[in-house]
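Single-letter residue listing:
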Amino acid sequence: KPVDTAAFRACAGKAVQDFGEKMLDQKEQEESRKALITSTELRAKYARELDDAALSGGDTAALKEKMAADFARIGEDCATKRGSESVAYYAANSEIMFDEQANRIEVQRAAANARLQGTKFLNDSAAIIRSNPNYLSVAEVGVDALIGTFPKLRPEQRAEIAADLKQQLNMSAALAAGRVEPGQAKIDLEAGRWNLKPEDRHTAINQAESEIRSRRAEAAYLEAQAEKQKHELDDKARDFLLDQSVLDGVV
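In what follows, the accompanying structure is described.

Conventions used here
- Residues numbered from 1 in each chain as written.
- Predicted model: local features only at pLDDT ≥ 70, side-chain atom pairs only at ≥ 80, totals over all residues.
- Heavy atoms only, no water.
- Helix = DSSP H or I, 4+ residues; strand = E, 2+ residues; numbered from the N terminus.
- Expected span 1.5 Å × (residues − 1).
- Buried < 20%, exposed > 50% of the residue type's maximum accessible area, 1.4 Å probe, protein only.
- Arc of directions from axis to C-beta.
- Polar contact = N/O pair within 3.5 Å; in protein donor to acceptor, adjacent residues only side chain to side chain.
- Core = buried A, V, L, I, M, F, W, Y, C linked by side-chain atoms within 4.5 Å.
- Contact = heavy atoms within 4.5 Å.

Within the chain, Trp194 stands out as a residue other than glycine whose phi angle is a positive 75 degrees. With respect to the element layout, Trp194 can be found in the loop between helix 6 (182-190) and helix 7 (198-250).

Here's what the structure looks like:
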């Protein structure tokens, strides 16, 4: 029977096409699998490096560039569209995860830096307040200006740090007032003046009362000393008059 050449060619072509598609599918599967495994390794690697950077103060932006370059090299090795798309997908997800972790690190750094700078500002401002309690209002404005220079802080962190610094400044002002004019300071404290925690208000009142007692004791001591000196002078004057009387009698 004569061979149907056209049919044979069609059948052979179909077999070749099927084989090619099968091989392509297998290649795509291999590259997709490799992309998943390699991207997971890279995520783990850069997660560790980010943790190290958080402790050492390393540059997270530089790490992100290195990670992007690593993913780019993986993509260059892909020969199929599916492999390239898989790499691009995992790279995008890895960047999102990297950015989230890096952002947390930056927020932590900003908070630590804000507290460090805030402590310096607090110490300098408290030194002024100790000699001039009325400087408090100026210092409180300065706190808001300082915290505003840390844009990476979350709103709740900004509010918490500012509130803490202001309360410490208020404590400095209350203690300074207690040293300058303890009687009035105690009245003001009991009336709710100054932004203080309950325990700090109690401490400031105790300090004012201690200053009041100290001044009273000092006043009593000075009064006693003055009275003693007066008696001594009176005694000396009386002795002098007696001596003069004796001398006059002898004469």
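For the rest of this paragraph, the subject is helix 2 (residues 60-76). Here helix 2 spans 25 Å end to end across 17 residues, near enough to the 24 Å set by a 1.5 Å rise per residue. Among all positions of helix 2, only Thr60, Leu63, Met67, Asp70, Phe71 and Ile74 are buried. End-on view of helix 2: buried residues confined to an arc of 95 degrees, all on one side of the axis. Projecting away from the buried face of helix 2 at angles above 90 degrees are the exposed residues Glu65 and Glu76. Near the N-terminus of helix 2, the side chain that reaches the backbone nitrogen of Ala61, with its oxygen 3.0 Å away, is that of Asp59.

With that settled, consider the nonpolar core. One finds Ile147, Leu153, Leu169, Leu189 and Trp194 to be the most contacted residues of the largest nonpolar core, which totals 26 residues. For this core, the secondary-structure elements that each account for two or more residues are helix 3 (81-131), helix 4 (136-147), helix 5 (155-180), helix 6 and helix 7. With eight residues, helix 5 is the single largest residue contributor to this core. Excluding residues within four positions of it along the chain, Ile147 makes contact with Leu153, Arg158, Ile161, Ala162 and Leu165. Ranked by size, the runner-up nonpolar core spans 16 residues in total, among them Ala35, Leu50, Ala53 and Cys78.

Structurally, Asn170 is set in helix 5. Residue Asn170 is classed as buried on the basis of its relative accessible area of 3%. Those residues in contact with Asn170 that sit more than four places away from it in its chain are Leu136, Glu140, Trp194, Asn195 and Leu196.

On their own, these measurements won't tell you what the molecule is for.
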